[in-house]
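Here are the chains, one letter per residue:
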Amino acid sequence: MNGFASLLGKLTRRKVLDRSEQSELKRVLSTLDLTLLGIGSTLGIGIYVLAGSVAKNNAGPAVVISFLFAAVASVLAGLCYAEFGSRVPKAGSAYVYSYVCVGELIAFIVGWNLIMEYVIGVASVAKGYSGYVDSLCNNSMRALFTEYAPLHIGFLAHYVDFFAFGITLLVTCVLAFGVKESSLFNSIFTVLNLAVVSFVVVAGAIFADPSNWAIDANTVAVASNGNWTAHETPGKIGNGGFAPFGMAGIMKGAATCFYGFVGFDVIATTGEEAKNPQKAIPLAIIFSLLFIFLAYFGISTVLTMMVPYYLQDAVAPLPEAFTYVDFPIGKWIVTIGALFGLSTR
């Protein structure tokens, strides 16, 4: 019995912070740096995919409401991170918070989950980056790698992606130069990404047709009879109007949209590198979530006004939307912007 109590005590023991301990990391990050870091880590490829996918499959034009609900939930989570970040200004994010507030066992589980999350995230982003670059090169890399480095294992890719591997090594080298240099790299690409998002909102507003938010039942009935052009692939129709799939569709879309806000927690990992973590971390989390919501809201608004919700492309909605309105320059700018977004993930 004493042995069990001893084991339980070890599993639930909590880390005691030594606030007098000096960190070896340099405190060089300002509130602006942390805000751009949060935006860059969150506003990745999802901004170019998520709105169209949710509009087509779940919420229709009411995807803007789905993003609003997701933003509210993210702000509540962000406030929790902000509270922890101000009270425990140490590097480590959720791992350190769990170790200090809950216990060693939970911290151990959370820590390894974070490692797994970042490993999977890096792999998927590197693969997505490679895919976008390859699409600009007429899929020549895929043909080359498939020919010279094929894989015949069912649960793996069809080939070894050397370009994705090289991108990972390159970004690792940038991070190795130091937090200030990597922060500058992130800030540059985040600003470029925000510029592309602004372009999409402005250009999309020019081609926007508000009637796409009020498609009546007769139009939906005609559409459902198969009157499509060769380039149109219809999705679910629903009942038409602003919320064709009702409140259930909006909430289902909100659950998916929430993942578009995941990533701001990286701000909390900089507790020992921020100049004033008690002030900078909470402000940066709130500011980054605000900018991210405005970006998603603007993109989803113009996207669903440019193209009827049931004609959205679930894989690459923005490039296809500009193709739909016959604006090929916009398609290229969006494709390049996706690379900027991937560069900050």
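Described below are features of the structure shown in this document. (Residues numbered from 1 in each chain as written. Predicted model: local features only at pLDDT ≥ 70, side-chain atom pairs only at ≥ 80, totals over all residues. Heavy atoms only, no water.)

Next up on the list: the overall build of the protein. Assigned secondary structure in the protein consists of 14 helices and 0 strands. For the protein, the α and β elements follow one another from N to C terminus as α-α-α-α-α-α-α-α-α-α-α-α-α-α. In the protein, which comprises 345 residues, the share counted as buried stands at 44%. In the structure as shown, the protein presents an accessible area of about 17,900 Å², 69% of it carried by carbon and sulfur atoms. (Helix = DSSP H or I, 4+ residues; strand = E, 2+ residues; numbered from the N terminus. Buried < 20%, exposed > 50% of the residue type's maximum accessible area, 1.4 Å probe, protein only. Areas by Shrake-Rupley, 256 points an atom, 1.4 Å probe, with all protein chains shown as cover.)

Using the criterion set out here, one finds 13 aromatic pairs in the structure. An angle of 15° between the planes, with centres 4.7 Å apart, marks the rings of phenylalanine 67 and tyrosine 296 as stacked. On the criterion of sequence distance, the pair formed by phenylalanine 67 in helix H4 (residues 63-87) and tyrosine 296 in helix H12 (residues 277-306) is long-range, its members being 229 residues apart. Of the residues examined, tyrosine 296 reaches a relative accessible area of 1% and is grouped as buried. One aromatic cluster in this structure is built from Phe199, Phe207, Phe322 and Phe327. (Phe/Tyr/Trp six-rings, centres within 6.5 Å; stacked < 30°, edge-to-face > 60°.)

Most often, soluble globular proteins keep nonpolar side chains buried together rather than apart. Core analysis: the largest hydrophobic core is formed by 58 residues, its most contacted members being Leu34, Leu43, Ile47, Phe67, Phe261, Ile285 and Tyr296. Within the residue set of this core, elements represented by two or more residues are helix H2 (31-42), helix H3 (50-59), H4, helix H5 (94-101), helix H9 (179-206), H12, helix H13 (317-324) and helix H14 (328-343). The leading source of residues in this core is H12, at 12 residues. Each residue touching isoleucine 285, except ones within four places of it in the same chain, is listed here: Gly78, Tyr81, Ala82, Phe264 and Ile267. (Core = buried A, V, L, I, M, F, W, Y, C linked by side-chain atoms within 4.5 Å. Contact = heavy atoms within 4.5 Å.)

Turning next to H5. Among the 8 residues that make up H5, 6 are buried, leaving the element largely enclosed by the rest of the structure. Buried within H5 are the following residues: Ala94, Val96, Tyr97, Ser98, Tyr99 and Val100.

A separate point is unusual backbone geometry. For aspartate 326, which is not a glycine, the phi torsion comes out positive at approximately 60°. Here aspartate 326 lies in the loop between H13 and H14. On the basis of relative accessible area, aspartate 326 is assigned to the exposed category, the value being 65%.

A cluster of nonpolar side chains, Leu68, Phe69, Val72, Val75, Leu76, Leu79, Met247, Met251, Leu283, Ile286, Phe287 and Phe291, forms an exposed patch at the surface whose accessible area comes to about 1,000 Å². For the nonpolar patch, the secondary-structure elements that each account for two or more residues are H4, helix H11 (246-257) and H12. With 6 residues, H4 is the single largest residue contributor to the nonpolar patch. Looking at where leucine 79 falls in the secondary structure, it is placed in helix H4. You can call leucine 79 partly exposed: its relative accessible area is 45%. (Patch = residues over 30% accessible without salt bridge, like charges linked within 9 Å, V, L, I, M, F, W, Y side chains within 5 Å. Salt bridge = Lys/Arg side-chain N within 4 Å of Asp/Glu carboxyl O.)

Next up on the list: the side chain of threonine 304. Mapping threonine 304 onto the fold places it in helix H12. Within polar-contact distance, the side chain of threonine 304 engages the backbone oxygen of serine 300 at 2.7 Å. If we skip the residues at most four places from it in the chain, threonine 304 touches Ala55, Gly60, Pro61, Val63, Asn212, Trp213 and Gln312. (Polar contact = N/O pair within 3.5 Å; in protein donor to acceptor, adjacent residues only side chain to side chain.)

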